[in-house]
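Understanding the architecture of this molecule
Here is how the chains run, residue by residue.
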Amino acid sequence: MKAVICTKYGAPEVLQIREVPKPIPRPNEILIKIKSTTVTVADFRVRSFTIPLIFWLPARLMLGISKPRKPILGVELSGVIEALGDQVKNFQQGDEVFAATLNEFGAYAEYICLAETKTIALKPAQLSFNEAAAIPIGARTALHYLKKANLKPGEKTLIYGASGSVGSYAVQLAKYFGAEVTGVCSNKNKGLIKSLGADKVIAYDQATFLNQLEMYDVIFIAVDKWAFKECSKFLKKGGTYINITQPIKSPKMIWASFTKNFKFLMGENVDESAESLTWLANLAVQRKLNPVIDKVYKLDEIREAHGYVESGHKKGNIVIEVG
């Protein structure tokens with residue numbers, strides 16, 4: 001089969017398309033013919049080894065010393081089940097499915113084998129393969145944090161980085177849960193975020209940015225480009241600060257948890273249950289959740305797609321058509 005191999009850490013040019021053996025499902029696995037995958041921030045960070053210095057050594061030990069231990073990247077996909085292991089009970093040959101593979105990677109290929117207990121769900125017929133492939137990571141991440149924040153109807157919620165994958169889903173899900181949502185993005189993306197249901201949209205690249213802000217019950221940092229020292233001025237006492245990119249609280253955050261009773265939700269592993277995929281897909285079928293797709297590339301264009309994601313200018317999701 002054709003697959004994209006990450007030969008070493010570095011620029012998009014380290015990605016090479018090669019022929020590799022087609023996998024054979026074990027007794028508890030399903031063989032999926034991949035139709036679509038995506039380029040996420042996780043993919044680009046692993047490929048380029050863009051890791052905070054404090055985590056450099058443990059990340060090398062976990063991911064691979066000189067190159068990724070799992071050379072086929074790709075952490076979300078949609079496709080069709082081609083074969084089953086003899087112990088598989090929950091799926092059938094020909095089922096259309098979509099899945100998250102954040103621990104296994106492997107979606108930059110024509111085929112993948114996954115245990116049926118992994119984060120896999122049936123794809124609704126109403127969703128295209130491209131739409132389904134864009135749901136498993138960004139939407140599930142946004143859902144995870146908003147549920148942990150126990151978001152309540154009417155709470156003022158600010159989403160910083162609203163035009164990215166997680167951010168665009170967070171805007172829509174926060175509105176679904178009844179929050180009053182303010183999205184922060186670049187001026188050129190204001191129309192997109194307004195179309196996703198945000199009550200107010202503020203451009204961070206305008207001089208009046210800070211003057212337009214209010215006091216919020218929840219501040220959700222989807223892109224870590226706004227310092228806590230600054231944004232905390234706009235968080236109500238007892239409010240919730242979410243930062244999906246930072247795994248550890250800074251000393252200022254620890255102090256604020258005592259002096260202002262702020263609650264903190266920092267970067268962590270997201271729930272891997274398939275139930276969340278099904279719930280999100282049903283919401284998408286009802287058109288209450290829109291998978292924003294910025295660009296679609298072919299597998300042969302994987303380097304170009306990675307370069308675009310690394311530029312930091314993508315909106316929503318970048319899809320790779322494999323099949």
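Not measured: the values here are computed from a predicted model.

Some thoughts on the side chain of glutamate 131
- Along the chain, glutamate 131 turns up in helix H3 (residues 129-133).
- A polar contact is formed between the side chain of glutamate 131 and the side chain of arginine 287, at a distance of 3.3 Å.
- For glutamate 131, the contacting residues outside a window of four places in its chain are Gln126, Arg287, Pro291 and Ile293.

Details of the layout of surface pockets
- Volume-wise, the second largest pocket comes out at about 200 Å³.
- Surrounding the second largest pocket, 13 residues form its lining, Pro23, Gly106, Tyr111, Ile112 and Cys113 being those nearest its centre.
- Broken down by element, the lining of the second largest pocket gets its largest block of residues, four residues, from strand E6 (residues 111-115).
- Of the residues that constitute the lining of the second largest pocket, the class distribution is nine nonpolar, one polar and three charged.

Quick look at helix H4 (residues 138-148)
- Counting buried positions along H4 gives nine out of 11 residues, so the element sits mostly inside the fold.
- Immediately downstream of H4, the backbone of asparagine 150 shows phi near 55 degrees, a positive value.

Focus: the sheet that holds strand E9 (residues 180-185)
- The strand order E10-E9-E8-E11-E12-E13 describes an open sheet built from six strands, whose pairing is parallel. Of all strands in the sheet, those bounded by a partner on one side alone are strand E10 (200-203) and strand E13 (263-266). Across the sheet, the mean angle separating the axes of adjacent strands is 15 degrees when strand polarity is ignored.
- Seen against the sheet, helix H8 (residues 251-259) touches strand E12 (235-243) and E13 and runs at an angle of roughly 150 degrees to E13.

Some thoughts on the pairing of E9
- With five of its six residues buried, E9 lies for the most part within the structure.
- By the bridge criterion, five bridges tie strand E8 (residues 156-160) to E9 in an arrangement that is parallel. Among the inter-strand pairings, threonine 157 is bridged to a residue of E9, identified as valine 181.
- Between the parallel elements E8 and E9, the chain passes through helix H5 (residues 165-176) in a crossover that is right-handed.

Description of the side chain of threonine 119
- Relative to the assigned elements, threonine 119 resides in the loop between E6 and strand E7 (120-122).
- A distance of 2.6 Å separates a polar side-chain atom of threonine 119 from the backbone oxygen of glutamate 272.

Remarks on the environment of glycine 323
- Here glycine 323 lies in the segment after strand E15 (317-321).
- The exposure class of glycine 323 is exposed, given its relative accessible area of 67%.
- As for glycine 323 and threonine 37, which are separated by 286 residues in sequence, their C-alpha atoms are 9.8 Å apart.

Basis of the calculations
- Residues numbered from 1 in each chain as written.
- Predicted model: local features only at pLDDT ≥ 70, side-chain atom pairs only at ≥ 80, totals over all residues.
- Heavy atoms only, no water.
- Helix = DSSP H or I, 4+ residues; strand = E, 2+ residues; numbered from the N terminus.
- Polar contact = N/O pair within 3.5 Å; in protein donor to acceptor, adjacent residues only side chain to side chain.
- Contact = heavy atoms within 4.5 Å.
- 1 Å grid on protein atoms, 1.4 Å probe; cavity = no way out; pocket = protein on both sides within 12 Å on 5 of 7 lines; lining within 4 Å.
- Points joined across faces, edges and corners; volume = space filled by probe spheres on them.
- Nonpolar A, V, L, I, M, F, W, Y, C, P; charged D, E, K, R; others polar.
- Buried < 20%, exposed > 50% of the residue type's maximum accessible area, 1.4 Å probe, protein only.
- Pairing = 2+ DSSP bridges.
- Axes fitted to C-alpha atoms, helices over the stretch in contact; angles between N-to-C directions.
- Right-handed = clockwise from strand over helix to strand, strands pointing away.

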